[in-house]
Structure formats: structure tokens, C-alpha cells
Amino acid sequence: MMEQLGITRLRPGPSGNASATNAANYDPAKANPFPDLPDPLVTKNGQKVTTAEQWWKVRRPEIVEEFEREVFGRVPKNVPKVTWTVVTQATDRVVGTLPVAAKQFVGYVDNSACPSIKVGIQMTLVTHANAKDPVPLLMMFGGGFGGNGFPRRPGEPAPTNRFGAFGGFGGGTNAGPSSTEMLIAAGWGYATIVPNSIQDDSGGGRGGNPGGLTRGIIGLVNQGQPRQPDDWGSLRAWAWGAARGLDYLETDSTVDAKKVGIEGVSRYGKAALVTLAFEPRFAVALVGSSGEGGAKLHRRNFGEAVENLTGSGEYHWMAGNFLKYGAAESKFGSKNAGDLPVDAHELIALCAPRPTFISYGIPARGDANWLDQQGSYMATVAAGPVFRLLGAKDIGEKENYRTAKMPPVNTGLLDGELAWRQHDGGHEDRSNMKHFIAWANKLIHHTPPAASTASNP
């Protein structure tokens, strides 16, 4: 990819090791070298966007094009068809103490054009066994078959991972119900979708090893050949896989397909935000601890940086063109985060006016400063004008994004379709799940069942 782009040297990303010579910056005074963000409500020719029609017909397509070309890549037009098959189903299962019905599926991707590459998207669907009507559902990135991907039978010991099915990755408290227990008790269902079954979370790089980009759905479409610079990366591929999962859910009578949300934490939080931004059929998102490449401003010099995403361990998440913004030496000179035509606030804005909940924990519990919670708050504030233009409410911050400061921990800004809450847990979103459910219920007009109904077997 560097050869295709004419890049001879990339800048190394900052280190998370505080004693390293290139340690990441955590000084707020040095955090904003590019303080002015692209205006999501000014077109490329300088026209102010003042109506919803201008947003949908002119400005939003401009922003989508720039994200596709420069940041996340394009979904190819020739992606093969997916055929969903039930592989396991059971009605004698429980989530916590609640009776559920569960099914595991594989979405087989047509590989007739390249039989050597096989892709089977793994998804599990779980709903309350006694639900009388179609339920709202949260699709959750993570997990896998054969483990916590399927609910347990009554009498089996509860899993030690109290965060629930793939709602978090440690660093918080194990006390209280899991995310999945809270969802089922509130009359929701959930689906878990396995990102690595869509696209490997590896890029390869050194020594001629092409790595994961020649496998998975990206490799299948390219018939095992390297990407072009504006081809999709893993984040966009995972989002495509989630949309294919939604294709199936639209056919399932137990699911209210108009009320399906998307959730993820960390790299899967990035994927959840990308999914909501690009797939209009998803109704709501819970974006957990997404950091750089997610809700964090690229233009911020605080913790993880663009140069980490352009490094060998993470570049596969992005389009090849994104490497340009980490280039130290190339045929086009040097580029940095300030040269990006878009930033994270515009990714959040692409979700408008649908309900979008930005979630973080605290560094003391493991949601590291590396993620730049403040930079993500600034991006959330800067996305607000688009939500307001489209008749939705933002988080209600009165300050400009340049001066806005995060509210205290455990203070939810949850009065609008755009929401923010920093919980007192770690690198997980289980600690915000009950707040997300209550917030989403109001916006999607869902009434939870009475507690006795939810628990009655």
C-alpha cells in the first residue's frame, strides 16, 4: 500500500509507555494543534447549510464521499450474496434467570468466484422465551460460537464474565447483572455478531506476509489480491457484516426490525459508530470507549493518534488512503491529521437524527487516557448542530467545542437523540447499559415488561 501511494516513510505513532522517548502527550495545553474543525454545515464550495434538504442532498453526500475515499474505504459494488442458515437453536436456555429462546446462524458468503476463500458470518439471536410481540434488539459486536456466544441451560453455572455477551473487555466491576440480562429483562432481544468471522482483525505487513486483508470478505472480493487505496478496511467490513445480519433480522418474526440497534466497545465501538453512520436501517447505537478512529477527534494530540492507526498493527482497520496522513516522506510530501478533510464529529453527524449514545469509562478503572475522553466529548459537541438542524436534540452543551469540558463522571447528558455519559467503570459499557436502555426506550417508544412478566418462566 505504501508503494501504491508513493510513501517511503511513515511517522511512528506515540507510545503508551510514559517513559518512552515518543510517549503520548497528555498535556491539555498541547492537545489542540489543529483547533479548527471542518464545519459539517458548510459545503465544499463554501455554502452554508441551513435546511434539512441541503444536508441530505448536498452536504451529507460530500462527507460520506470523503470518509469513503480517505478514511474507511468503499464497499465494493460486487460483494457476493449472503445466505443465512440456522446451525443451532434451543428454547431451554436462560440469561441470568430469565428463560430465553436462542438461535445460532451462519451467513455463508457466495465464494464461487474465489472458492479458496470461505467466509461464514457467525451470529447468535436471543429473545425472551415468553415474548408475545416482536422485540427491539441490540446487535453486539464480539463473542463467538462455542463459548459465551450461546446462553446456558438452567442449572448450569453462570459465566464468570459478568459483563455479559461481549459488551465489554474488562477493567470494570463484576457486580450486578450483565448487559444481556439487562436487555432481556427490559423486553429487548440481543444478537451477537462475530467480527473475525466477517474479516480478520489483522493486516499483516512486514516480510511479505499479506495477512488478514487477503482473507475474509475483503480478500474474497479481491480474490486474494491486495487492496486498492480506496478499498474498504476492517471497520467498514465489520459494518457491512452487521448490515447483512440486519438483512436476516428483518425476516425474523420475533424481532422488531425497525428498532434494531448496534453496540460495541473499543475497536468494536469504532465499528458500531461506522455502522450507524453508513447503514440507515439501524435505529440506535451504543458506542463504547471507541477512541481514535471512533468518536475521538483525529486532530487532537492526546493519547492515541492518527499515526497509530497508520502503523502496521492498525492500518488494516482503515482505507489504504488513510496512510497518507501518517506520511513523513512521500511523493506528495508530508501530511498529518490537520490535512484530513473530515473528522470524528462528522462521523457522529452522519448518524443524525438517529439516537447515538457515546459512552466512556474512567482511566482509574482501565478506560485509559489513551482513548481521549475529552476529545470525544468535543467531537460530540461539534456534531450537535447537525442533530439540531434535523429536528433532534443534542447533548445540551452550551460551550463551543473548543472550550467545552466533560461533565462530572456519572453525569448523563441524555435528554436528546445525541447522548453522552462517562461511567465510573473501565473499558466496557455494561456500566452504562441500564442508562442506555432507559434512554433508548423513550426514543424508540418501547415499554419494558413488568418485572414479574420478564422473570416468569
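The structure displayed is predicted, hence computed values, not measured ones.

S.K.: Describe unusual backbone geometry, listing the residues and the values that go with them.
M.R.: Put simply, Ala352 and Pro353 share a cis peptide bond, and its omega is 0°. In this structure, Ser289 takes a positive phi of about 45° despite not being glycine. Tracing the sequence through the fold places Ser289 in the loop between strand 8 (284-288) and helix 8 (306-309). A positive phi angle, close to 60°, is found at His445, a residue other than glycine. A relative accessible area of 68% places His445 in the exposed class.

S.K.: How would you sum up the environment of Val306? Please name residues and give values.
M.R.: Mapped onto the elements of the fold, Val306 is located in helix 8. Looking at Val306, the relative accessible area reads 1%, which means it is buried. In this structure, the C-alpha to C-alpha distance between Val306 and Pro12, residues 294 residues apart in sequence, is 9.8 Å. Discounting chain neighbours no more than four positions away, the residues touching Val306 are Glu292, His298, Phe322, Tyr325, Gly326, Ala337 and Leu340.

S.K.: Please provide a residue-by-residue account of the sheet that holds strand 6 (residues 189-193), values included.
M.R.: Within the open sheet, the nine strands sit side by side as 2-3-4-6-5-7-8-10-11. Their pairing is mixed. The sheet terminates laterally at strand 2 (82-95) and strand 11 (418-422), the two strands that pair on one side only. Within this sheet the neighbouring strands show an average axis-to-axis angle of 20°, counted without direction. Judged from the five bridges that link them, strand 10 (residues 356-360) and strand 11 form a sheet pairing that is parallel.

Calculation rules
- Residues numbered from 1 in each chain as written.
- Predicted model: local features only at pLDDT ≥ 70, side-chain atom pairs only at ≥ 80, totals over all residues.
- Heavy atoms only, no water.
- Helix = DSSP H or I, 4+ residues; strand = E, 2+ residues; numbered from the N terminus.
- Buried < 20%, exposed > 50% of the residue type's maximum accessible area, 1.4 Å probe, protein only.
- Contact = heavy atoms within 4.5 Å.
- Pairing = 2+ DSSP bridges.
- Axes fitted to C-alpha atoms, helices over the stretch in contact; angles between N-to-C directions.

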